[in-house]
Structures are given as structure tokens and as C-alpha cells.
Number of protein chains: 2
Amino acid sequence: MLKIAVGQAGGPTSVINASLVGFVDGLPDQTQIYGIMNGYQGLVENDLELIEGSGLDWLRSHKNVPGACLGSGRYPFTPDSITKAVLNLKERDIHTLVFIGGNGTMAALQKMSEAAASMNYELQTIGIPKTVDNDLSGTDHAPGYASAARYVSLSVRDISKDLEAMRNFEQVRIIETMGRNAGWLALAAGLLKQSEFEGPHMICVPEVPLSKERFLAQVQDIVKENGMATIVVSEGVTFDGDSQVQREVVKGRAVLGGISTEMERLIRMNMGMTVRSENLGMNQRCAVWAISDQDRTEAYEVGNEAALYVKKGMSNVMVSIQRNQVIGYNYKLKSVALEHVANDGERLLPQEYISRPAEFYSWLEQLIGDRIMRYPPMWRRRAFDDLIQHQPEFRRSQ
Amino acid sequence: MLKIAVGQAGGPTSVINASLVGFVDGLPDQTQIYGIMNGYQGLVENDLELIEGSGLDWLRSHKNVPGACLGSGRYPFTPDSITKAVLNLKERDIHTLVFIGGNGTMAALQKMSEAAASMNYELQTIGIPKTVDNDLSGTDHAPGYASAARYVSLSVRDISKDLEAMRNFEQVRIIETMGRNAGWLALAAGLLKQSEFEGPHMICVPEVPLSKERFLAQVQDIVKENGMATIVVSEGVTFDGDSQVQREVVKGRAVLGGISTEMERLIRMNMGMTVRSENLGMNQRCAVWAISDQDRTEAYEVGNEAALYVKKGMSNVMVSIQRNQVIGYNYKLKSVALEHVANDGERLLPQEYISRPAEFYSWLEQLIGDRIMRYPPMWRRRAFDDLIQHQPEFRRSQ
């Protein structure tokens, strides 16, 4: 009888459970499915649960639910713990290991595969892609990203709309997004922008160096022109090559966050205007209302495809979404070597998307799927220009 | 010919434009409608626009759009500026003034009314209620609140769901809501909670005194019991009677915010666990996807009712939502004296809702309107209890 172990690792997304359900649905009847609890930690600590009967119903009921129903989490792998993980699988005679995750998860899966080989234990390993940051190599995009991008673009549009009405009280809003070292999520903030006047007026991504001097000058110009500025910044952005702003380091992993607060402070110190920073927070990766239908469909499909790979006996591979360069939205699922994914490392925004965001938005729009209501244009009028003259004097930073 | 001036004041909500459209739709044909730009500032600075023809179409196209399409904002009224505002209306021969706003707006409208009377200028004044904080007197609730409450309850449920999966990485999340001195929005966070185990596990409102000692002890107990804690705190909460945490003071108005960061620091200093705080931010008052259908309907209706009051010649009144205490959801619109609203001041959470939240939730549920998907229950299992034992030691704060 086929026995498999499946786990979810890294930060959850709003569609990672859809991938799990897609995977389980694709397995042959009678497969013994072991759920690995809390990511790699469960594998190392031998915390697996046989999921059957009502347990399977329970699992399937999470298709549309955010979070990771098996428990996910982060766990620092050591050579000893890898060996232990292989032995735990061996104890149960499980020869198939499947993980849903991002870069770290795929690298760990590759290590598991190598360790098993060196221990002469036959182990089939398959990765299912997942990340809100979209920094996973070997795939056009990863499930989870489109829903997070949809959240960011809707939020930034509405927060900017709100600011339009409050220009006599506050002039600058800085909105921080997730993304780690990549600007995919931050750049998505501009997807619904319809005119120059509307926010976001500036998007800062880690791929483009930023100096404090240039930043302040740009903010000044934007507020002079519009009476307000909505600025979006990715958590991984740094000023003048400084190190990234971190909340704290947990289990060896830096939790980024705080660059928007730094920008707020900088503007307050150097310019006489009211500024507010905010972090879009965990909602980016879990807000159920923001889920892109297309994203959820693809999340399910990559899971289903992984089940097919199990049956075909493929190993050391990750399911990849390959997009066809034709009109409309077409893609097919293919396997890529885990080794290739692990070696390529973080996937950053390509230069062409940074220099020509319109190309990026036409790529992104298809992933967002369902139609989003367009807002009427802002009414630019005389009185509005008067308001700008009410703005305090600007002082260039020295 | 009837001439009226209408404005929007204070922080926008996601349905304040629906009230404006409801009002305009209810006016007799041929009414000359002057839009007051940017709240009371436009009235004092004589910045009014005659809205007609395509301008009216443009205005009506905002029925489902967040923000305040005439411009809103905050403006500190002085006796001189009130006189100036009356003179500006007189110059155009406008005898009807309507504002959509909260406590401050109603108090200002009352002052306008008194000033006009003392200047022997006939002025009809009508207020349309609006606030996300729900701290407005004289009405069961104010449009804007239900949509914000819907945002808070959905967000807290999903962020808590995400934390369930990450307990081996982080244990505490503190989520800050709007609300100023009232706990209406924070308490809404528990609306979708289905079991003790699920978040939110603690809700702190300004109406209930809180000591650091007690707070830390409760967090410790919650994490011991559940392996995690989702804590919701209203921006107006203080520890041990301290003053409220402010971002900054703009035009004499304190912008609250930061208590969640203080709580995060406190936990990090006193307990060996990972904690993250976040502020739900401006999305609470502008996220279009979170709008409650019922709220938008009522926002439109109170606007429409105000137009009826104009025709009836009523003055010095605010439209109020009066709820019938019968099964199901029934309400009627009535007028209340502006003076009554202004004198009653901020409306805080009543004691019965604090001691019996279930009563509050059955009151709130009707306002949220549309059905929200229920999530499957969390699977409480042995391995989960093991995980709790992995938690670091807790130290009671001294």
C-alpha cells in the first residue's frame, strides 16, 4: 500500500490549504496519508498523524480556509536533525515525502533527498510551490502570491482614496508590504492606479538603491504636485546601502519590518508635513476576502499535479507553473529539478518590470483573476490647487 | 429656488459617499446643490462648488466608493471662523446647511446654528451621522461602523488562523484597532470566534482599566493553555491610568496609536516568547471589500432622510437610527436634536455589552448583514499539546 507523508512549511498563505486538498484529492484511493505536523519540526520530532476517515473530511473542508491546517512554522535544519527525519520516515516505512513551501522548504527537501540516498533509503521527494513573496525560482509565479498582490493593490488604492479626502489634515502615507528581498508585492500596489494624480505616487523596491536625499526630494515634489503622497515600500528596502530594518531574529531568521517607520521619522524631521506610516501586516498572506480565484485554482492544481508525480514515480522535483507567451492567459504545469530551484536562490524582480511597470501589470492582471470595480476619476479642480498652496513650506534635507 | 450646501467632515468611512448620494437623490429637482470642499475648511474659506449636470453624475458614481468625494478633513473652528462661515453662506443666499459627520461635526453644526441665529440669518441645519468608532450619541449606531467592524472581525479571525499554524515560530500577536475612547470596534473582533481555543483570546477596550501586571499574567495563562495568544487592543487603551499613546498632535487633535507596540515591548521584556504587534490601519475605514451591504444601505437611507427633513423645514436635527427591540432586525429613522447629540458627547460601550459580549454580538451580527463563511474547527490533538511543552519558561513580571 502506498504511504506518503505530506507537510506544509514556512509562512502560510491564504491558499496553501487548497494545494494540500488538491494533492490529497489526486492520490489513489487506499493511500495512507501521514500529515506532518508543524512543518519540518514534526518530521524531526516524529510528529506525524495518519489522516483517514473523518480526518480526511476535516482536511478537505479547509480548501477555502487561510492558514496551514496541518500546522506550518519555521525550523532550522541541522545535519543531525535531517538524519533523524529520514529515520522517522524509515520507521514507518514511508518512501514518499511531499512538502508545500518556498525557497527554504525546497532546499530542505533537496537535503532530505541527499541524506536519504547516503543512508541507502529509497525516498521520493516532491515539492509544491508556495510563497506570497514570489521569490521562488523555477516557476513563473507561486500560488499565494496573486492573492497577496490582490490584497496589496486593493488596500493601497483605498488608503490612497481616503487620503485624497484628508489632505488638509495629513499629506503623506507610507505603506509597508511584505516581500523580503524582492519587490514583487510592493510593485503590485500600482496595479489599479488609473491616473498620475492617484496613489500610489512612489513605490520603493529592494532591487533599486535608494538614498535618503533622493527620497525626500521626491516626496517633496509629489506633495507639491498633488497635495499628498502615497508611498509604498517593501520591507526589504534600505537607505544608502544600510542593512535591512528588522523586527527581531527568531530561530536564526530575521523578521523584517520597520522601514516605513524610519521613512516616517525622516519626513517628520525634515519636512513640515503630517505623515503616517503603516504596515499592511499579516492580512497580506491570510485575508480570505482577498483571495484571487485564479490563485486558488492554481494552488489546487499544483497540489493535484504533485499527486500525479507520486504515481509516476518522479522524484527530486518541484511542480512549476510555466506560462505561455501568447495572448490571454495560458499556462501548463511541468516539473523542475529541486536542485535547480535550490541553486537559483531568491528570484528578484526582473529589470524589465522595474523599468516598464506596465509590462509587469499586464503579467499580474491575469493572476488576479476576477474583475475589480474601477473607481471614478478624481475631480481636479481650482479649489484643490488652492489647497496645495496651504501646504507648509518644504525644506530640502541637507 | 432651493439652495443647499452640503459637506463631509472628519475621517472618511467606506460608506460616507453613499450618504451623500442618498441625500442628493432625495432633494427636489432644480435644487441648487453646493458642495463644500474639504469639510468646514471649505465653508470658512468660501470654497464651495455648484454641482450640476455632469458634476452630479460624477458625484452619484461614488455611491460604492470609499473616501469622501467632496474632500473631508479636520478643521479647528474658532468664533471668528464661524462668523465667516455664516457670512459665506449669506453671500450666496444659502439657507440650508447639511453635514455628514461624527461628534465634532454635529457640535460644529450646532455652533453654526447658534451663530446664524445671533446674526439674524435664517439657517436650516441638518446632520447626517457617520463614524467608524460608533461613539456618536443619539443613534443606535452610525453608518460606517458596521463596515469597519466587519473588517476588524474578518481580519482578526484570519490573522489568528495564520498564527495557529505558526506557533513554533511566534506565540503572540497583538492587533490594534481604531475607536478613539470607545471599544466598539475592538470588541467587534470577537464576532466570528467559534470556540475558546480560537482567537481573539483577549480584547482590551478603553472602558475597562488594565494593569500591566494583570495583562502579562493573562497573556501567560492564554499561551500556556493554547500555545498562542491573539490579543486585540483598542487604540485608546491605557495601562494603569497612564495617558493614551499618541502618534502625534495635528491641528490640536491627538492622533492615537501605539499601544500595541507598547504591549509588544512589555511582553518581549518580561516573557521569553516571540511577539508581533500590528495596527489594522486605515483599511478599517476605507476597505471597499469589507463594506457591509446593510451598512451601505443604511448610509444611503440616512442621507435620503436628511433630504426629507430639508423639504419638511426641520432644523437643528440629526438623522438617527432607532432600533426596535423585536426579533429580527428592524429600525426606523427619526430626528434627534443636534443639541442633545452635542451635549451627550462620546458614546462608550455600555456595561452590559462588556460583561455579556454575546449580547453585543447578537446586536452587531444584524449590522454586518451578508453571510460570512464559517471555518471548520481547529483540530485539537496530542501533538498540539506537545508543542505547548516546547514553549519557553514564562516569568511573571515583578
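Quick caveat, the model's predicted, so the values are computed rather than measured.

Turning next to the overall build of chain A. Regarding its fold elements, chain A presents 15 helices and 13 strands. Once the C-alpha set of chain A is aligned to its principal axes, its extents read approximately 75 × 40 × 35 Å. Of all 398 residues assigned to chain A, the portion counted as buried reaches 65%. Residue pairs in contact within chain A that sit at least 24 positions apart in sequence constitute 78% of those at least 6 positions apart. Counting 41 positive and 48 negative side-chain charges, chain A places the centres of these two groups 3 Å from one another.

Here we take up the UniProt feature "domain: Phosphofructokinase" (unreviewed entry) in chain A. In the numbering adopted here, UniProt assigns the feature "domain: Phosphofructokinase" (unreviewed entry) to residues 3–307 of chain A. Within residues 3–307 of chain A, the helical portion is 40% and the strand portion 18%, while the C-alpha atoms at the span's ends are 12 Å from each other.

Once that is clear, we can look at the side chain of Ser113(B). Mapped onto the fold, Ser113(B) is located in helix α5 (residues 103–118). Sequence-distant contacts of Ser113(B), that is, excluding residues within four places in its chain, are made with Thr125(B) and Asn316(B).

As a further point, take the relation of the copies chain B and chain A. For the match of chain B to chain A, the screw axis carries a shift of 0.0 Å, the RMSD comes to 0.0 Å, and the turn is 180°. The operation mapping one copy onto its partner corresponds to a two-fold rotation axis. A shared binding surface is used by both copies, with 100% of the interface residues of chain B retained as interface residues in chain A.

Each strand in a sheet pairs with another by means of backbone hydrogen bonds, the pair being arranged parallel or else antiparallel. Residue and element names in this part refer to chain B. On the basis of which strands lie adjacent, the open sheet formed by four strands has the order β7-β8-β6-β11 and parallel pairing. Only two strands of the sheet have a single partner each, and these edge strands are β7 (202–204) and β11 (275–279). Averaged over all neighbouring strand pairs, the angle between strand axes comes to 15°, with direction disregarded. Bridge count between β7 and strand β8 (residues 229–234): three bridges; the pairing is parallel. From the neighbouring strand, Ile-203 faces β8, where its bridge partner is Val-232.

As a further point, take the packing of aromatic side chains. Residues and elements named next belong to chain A. Overall, the coordinates contain 29 aromatic pairs over all chains when judged by the stated rule. Considering the side-chain rings of Trp-184 and Tyr-353, the 6.1 Å spacing of their centres and the 80° angle between planes classify their relative orientation as edge-to-face. With Trp-184 in helix α7 (residues 184–187) and Tyr-353 in helix α13 (residues 351–355), the pair connects residues that are 169 residues apart, well separated along the chain. Each member of the pair, Trp-184 as well as Tyr-353, carries the same accessibility label: buried. Among the aromatic residues, ring-to-ring pairing joins Tyr-145, Trp-184, Tyr-353, Phe-360, Tyr-361 and Trp-363 into one connected group. Lying over the aromatic face of Tyr-375, Arg-157 brings its terminal NZ or CZ to 3.7 Å of the ring centre.

For the rest of this paragraph, the subject is the interface of chain B and chain A. If you look at the interface, chain B gives 67 residues, while chain A gives 67 residues. Both faces combined, the contact of chain B with chain A buries some 5900 Å², and carbon together with sulfur accounts for 56% of it. Residue Asp162(A) is joined to Arg285(B) by a salt bridge in which the shortest nitrogen-to-oxygen separation is 2.7 Å. Summed over the shared surface of chain B and chain A, the result is 21 residue pairs in polar contact (both at pLDDT 80 or more). Elements represented by at least two residues in the side of chain B that touches chain A include exactly β3 (48–51), α6 (145–164), β9 (246–250), β10 (253–256), α9 (259–270), β11, α10 (283–286) and α15 (382–389) of chain B.

We now examine the pairing of strand β12 (residues 317–323) of chain B. Residue and element names in this part refer to chain B. The buried count for β12 comes to six of seven residues, which makes it a mostly enclosed element. Where strand β5 (residues 124–129) meets β12, two bridges bridge the pair, whose relative direction is parallel. When the sheet's bridge partners are listed, Ile-126 is paired in β12 with Val-317.

The subject of this paragraph is the sheet that holds strand β5 (residues 124–129) of chain A. Residues and elements named next belong to chain A. Here we have seven strands laid out as an open sheet, ordered β3-β2-β1-β4-β5-β12-β13, and mixed in their pairing. The open sheet terminates on both sides in strands that have one partner only, identified here as β3 (48–51) and β13 (331–337). Strand-to-strand twist in this sheet, taken as the mean axis angle between neighbours without regard to direction, amounts to 30°. For strand β1 (residues 3–8) and strand β4 (residues 96–101), the ladder comprises five bridges, and the chain directions are parallel. Of the residues in β4, the one forming a bridge with Gln-8 is Ile-100.

Residues Tyr145(A), Phe360(A), Leu364(A), Tyr145(B), Phe360(B) and Leu364(B) are the most contacted members of the largest nonpolar core, which totals 78 residues. At the level of secondary structure, the elements contributing two or more residues to this core comprise α6 (145–164), α7 and α14 (357–368) of chain A together with α6, α7 (184–187) and α14 (357–368) of chain B.

Moving on to unusual backbone geometry. Cis geometry marks the peptide bond from Gly199(A) to Pro200(A); its omega dihedral reads 0°. Note on placement: Pro200(A) falls in the loop between α7 and β7 (202–204). In this model, Asn134(B) sits at a positive phi of 60°, which is unusual for a non-glycine residue. By the element assignment, Asn134(B) lies in the loop between β5 and α6.

Cut-offs applied
- Residues numbered from 1 in each chain as written.
- Chains lettered and ligands numbered in written order.
- Predicted model: local features only at pLDDT ≥ 70, side-chain atom pairs only at ≥ 80, totals over all residues.
- Heavy atoms only, no water.
- Helix = DSSP H or I, 4+ residues; strand = E, 2+ residues; numbered from the N terminus.
- Buried < 20%, exposed > 50% of the residue type's maximum accessible area, 1.4 Å probe, protein only.
- Contact = heavy atoms within 4.5 Å.
- Lys, Arg positive; Asp, Glu negative; His and termini not counted.
- Charge placed at Lys NZ, Arg CZ, Asp CG, Glu CD.
- UniProt positions renumbered as here; feature names shortened; annotations may be inferred.
- Least-squares fit on C-alpha atoms with pLDDT ≥ 70 in both.
- Pairing = 2+ DSSP bridges.
- Axes fitted to C-alpha atoms, helices over the stretch in contact; angles between N-to-C directions.
- Phe/Tyr/Trp six-rings, centres within 6.5 Å; stacked < 30°, edge-to-face > 60°.
- Lys NZ or Arg CZ within 6 Å of the ring centre and 35° of its normal.
- Buried area = accessible area lost by both parts, 1.4 Å probe.
- Salt bridge = Lys/Arg side-chain N within 4 Å of Asp/Glu carboxyl O.
- Polar contact = N/O pair within 3.5 Å; in protein donor to acceptor, adjacent residues only side chain to side chain.
- Core = buried A, V, L, I, M, F, W, Y, C linked by side-chain atoms within 4.5 Å.

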